[in-house]
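Architecture at a glance
Below are the chains, spelled out letter by letter.
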Amino acid sequence: MPIEEAHRKLVESIFPVSGEERVPLADAAGRVLAEPMLAKIDLPAFDNSAMDGYAIRRRDLSGGRSLKLAGKSFAGAPFENPVSPGCAVRIMTGAAIPPGADTVVMQEYVRVKGDRIFIGNGVEEGEHIRRRGEDVQTGSELLASGQQVTTAHIALAAAAGIGSIVAIRRPVVAVFSTGDELQQPGTALTAGGVYDSNRVALVSALRQMHVEVLDLGILPDDPLQISNALENAVTKADVIITSGGVSVGEADYTREVIEALGEICLWKIAMKPGKPFAFGRVRDTPLFGLPGNPVAALVTFYQLVVPALEKLRGLTPKAQTSLHARLISPLKKKIGRVDFQRGFYARNQQSELEVAAVGQQGSHILSGLAKANCFIVLPRDSGDQSAGNQVEITPFLSPFA
């Protein structure tokens, strides 16, 4: 199946999770709003000074008169009396403008002698005053429902008096790997054993996507144990991700177990790496079956699963940024599948984008992926690429960046 069609079918097959919860603002980063974020106060909440200086009535400067110091206004300790004619108030940045004052003069432009100040020419009325509500007004929408909260949003919300948000419930994603050869990283590796890098990387990526992860560990190549794990997962998770067992090997049981418990909706994608990717349902729970080869697992996760999970979280899946860069060295490519080669791009001294493949491009070569910062996307019907050709690249985004 062409990758474009697979992508469309996956996104169409996924629906946002139901349920809402109130979340403290400090814990809201990455959450998706279920209700708009509305300001509780004006920002600024009152007219205040943008500089350290002196608050005055501009009309009192006519004739070059000196002004008498009447007091001080600090942030949190305002000068509350009206400014009398011929007077000035010492004021600090962020302090409330005293009643009657209409201008702040920077302290650098003021000469102080005893209890009087002398101000030169060139002062404009209204200078260096932050006006109430010029940033945000009470009741205005700071962020719409369905948007993901960022650190900047949190800072704005806190300043506007918001202490918590109503967010869409975080989806629960169950993850497990299959394979008799797999072992947990950090343990002693036995003969013929392979460390389970896929599940560890997937759990890390999923946590960056602000979902709850149900890590079901490593399962042997045993249909009964795989079946039991899937039956357990559907009672607790909104979606299931497996790694391995979806190809055509004698010990690849995951696909047949999925078909026994539910259905396979699509299998085999015209992409490299990642052809033996599967998507199906187990008791109506969506399941993504990733290949066992580590690079293939991560590439299919990034290209096909991440957009679907964004929709599951209540977001509109974002399109990847596509750029064009000049190849530094030639690339091998067979016609028939879209090829996602791992590359590193940068600007040369002429500010032109250049890209080169990183290391060997086998679906088991993790070192190249670790050094890459983009995919070199070679179309299905294209062949070998010569140095100097312009090619499409997609810079890595989260959770790869």
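Placed above this text is the structure.
So, here's what we can say about the structure. Worth saying up front: this structure is predicted, and the values here are computed from it rather than measured.

This part covers helix α1 (residues 3-13). Every buried residue belonging to α1 is among Ile3, Ala6, Leu10 and Val11, and all of these are buried. For α1, the buried positions fall inside an angular range of 125° around the axis, keeping them on one side. Here the buried face of α1 lies against β18 (262-267), β19 (271-272), β20 (278-282), β21 (285-290), α6 (294-312) and β23 (338-347).

Examined against the element boundaries, Gln341 turns out to sit in strand β23. A distance of 2.9 Å separates a polar atom in the side chain of Gln341 from the backbone oxygen of Lys332. Among residues more than four places away in sequence, those in contact with Gln341 are Leu331, Lys332, Ala357, Gln361, Cys374, Phe375, Ile376 and Leu378.

This brings us to helix α3 (residues 197-208). In a regular helix each residue adds 1.5 Å, so twelve residues correspond to 16 Å; α3 covers 17 Å between its end C-alpha atoms and thus fits that length. In this structure, the buried side of α3 is in contact with β13 (172-178), β16 (212-219), β17 (239-243), β21 and α6. Just past α3, the residue His210 takes up positive phi, approximately 60°.

Below, the discussion takes up the sheet that holds β17. As summarised here, the arrangement of the six strands in space is β16-β13-β17-β21-β20-β18, forming an open sheet in which the pairing is mixed. This sheet does not close on itself; its edge strands, each paired only once, are β16 and β18. Looking at each pair of strands side by side, their axes are set apart by 20° on average, direction ignored. Taken together, the six bridges between β13 and β16 define a ladder with parallel strand orientation. For Val175, the partnering residue across the bridge sits in β16 and is Asp215. Relative to the sheet, helix α5 (residues 254-261) contacts β13, β17, β18, β20 and β21, its axis offset from that of β18 by approximately 130°.

This part takes up the packing of α1 against α6. Remark: α1 packs on α6, axes separated minimally by 9 Å, with the N-to-C direction vectors making an angle of 25°. Classified by the angle between their axes, α1 and α6 sit roughly parallel to one another. You can see that α1 and α6 cross each other, and the crossing is right-handed. Mapping the contact onto sequence places Ile3, Ala6, His7, Leu10, Val11 and Glu12 in α1 and Gln303, Leu304, Pro307 and Lys311 in α6. Of the residues contributing to the contact of α1 with α6, the split by class is six nonpolar, two polar and two charged.

On to the pattern of salt bridges, then. Across all of its chains, the model carries 14 salt bridges by this definition. For Glu12, the salt bridge goes to Arg8, with nearest N and O atoms at 3.3 Å. Of this pair, Glu12 and Arg8 both sit in helix α1, four residues apart, which is roughly one turn of that helix. When its relative accessible area of 40% is taken as the criterion, Arg8 is described as partly exposed. In this structure, the salt-bridge partner of Glu231 is Arg283, at a minimum N-O distance of 2.7 Å. With Glu231 in helix α4 (residues 223-234) and Arg283 in the loop between β20 and β21, the pair connects residues that are 52 residues apart, well separated along the chain. In this structure Arg283 comes out as partly exposed when scored by relative accessible area, which is 45%. Three or more residues joined by partner-sharing salt bridges are found here, namely Asp196, Arg199 and Asp215.

Tracing the chain through its elements places Glu354 in strand β24 (residues 353-357). Within polar-contact distance, the side chain of Glu354 engages the side chain of Arg326 at 2.2 Å. Of note is the side chain of Glu354, whose polar atom sits 3.1 Å from the side chain of Asn348. Aside from chain neighbours lying at most four places away, what touches Glu354 is Ala325, Arg326, Ile328, Phe344, Tyr345, Ala346 and Asn348.

Ranked by internal contacts, the top residues of the largest apolar core, which has 46 residues, are Ile241, Phe277, Phe288, Leu290, Phe301 and Leu309. Per-element accounting of this core gives the leading share, twelve residues, to α6. With sequence-adjacent residues up to four places away left out, Leu309 is seen in contact with Val173, Leu206, Met209, Val239 and Phe301. With 17 residues, the next largest nonpolar core counts Leu25, Val136, Val149 and Ile165 among its residues.

Remark: α3 packs on α6, axes separated minimally by 11 Å, with the N-to-C direction vectors making an angle of 25°. In terms of orientation, α3 lies roughly parallel with respect to α6. Two packed elements cross with a definite hand, and for α3 against α6 that hand is right-handed. From α3, Ser197, Asn198, Ala201, Leu202, Ala205 and Leu206 reach across to α6, where they touch Pro294, Ala297, Leu298, Phe301 and Leu309. For the contact of α3 with α6, the per-class residue count stands at nine nonpolar, two polar and no charged.

Turning our eyes to something else, we now look at the sheet that holds strand β5 (residues 67-73). Across the sheet, six strands lie side by side as β7-β4-β6-β5-β9-β8; this open sheet has mixed pairing. The sheet terminates laterally at β7 (103-106) and β8 (110-113), the two strands that pair on one side only. Between one strand axis and the next, the sheet turns through 40° on average, direction left out of account. The sheet contact formed by β8 and strand β9 (residues 116-119) spans four bridges and is antiparallel. Each residue of the ladder has a partner; that of Arg111, found in β9, is Phe118.

Rules used throughout
Residue indices follow the written sequence of each chain, beginning from 1 at its first position. Local features in this predicted model are restricted to residues of pLDDT 70 or higher, and side-chain atom pairs are both shown and tallied only at a pLDDT of 80 or more, whereas totals for entire chains, interfaces and linings draw on every residue. Processing note: side-chain calculations cover all non-hydrogen atoms of the structure and skip hydrogens and water entirely. Exposure categories follow from relative accessible area, calculated using a 1.4 Å probe and restricted to protein chains: below 20% of the type maximum is buried, above 50% is exposed, and the middle band is partly exposed. The numbering of helices and of strands both runs from the N terminus, where a helix is a DSSP run of H or I of at least 4 residues and a strand a run of E of at least 2. In this context, the arc is that of the directions from the helix axis out to the C-beta atoms. When checking whether two residues touch, look at their non-hydrogen atoms; a contact exists if any pair is within 4.5 Å. Contacts described as polar in this section are N or O atom pairs within 3.5 Å, which, within protein, must combine one atom able to donate a hydrogen with one able to accept it, while residues neighboring in sequence count only if both atoms come from side chains. In this analysis, the expected span of each helix is defined as 1.5 Å times one less than the number of residues it contains. Strand pairing is assigned whenever DSSP identifies at least 2 bridges connecting the two strands. Here, axes are lines fitted to C-alpha atoms. For helices the fit covers the stretch in contact, and angles between N-to-C directions go from 0 to 180 degrees. The labels follow the angle: roughly parallel below 35 degrees, roughly antiparallel above 145, roughly perpendicular from 65 to 115, and oblique for the rest. It is the rotation of the near helix from the far one that decides the hand of a crossing: anticlockwise by less than a right angle makes it left-handed, clockwise makes it right-handed. Residues were grouped as follows: Ala, Val, Leu, Ile, Met, Phe, Trp, Tyr, Cys and Pro as nonpolar; Asp, Glu, Lys and Arg as charged; and all remaining residues, including Gly, as polar. Salt bridges, as used here, are contacts in which a Lys or Arg side-chain nitrogen is within 4 Å of a carboxyl oxygen on Asp or Glu. Residues enter a nonpolar core if they are buried and are Ala, Val, Leu, Ile, Met, Phe, Trp, Tyr or Cys, with the set joined through side-chain atoms within 4.5 Å.

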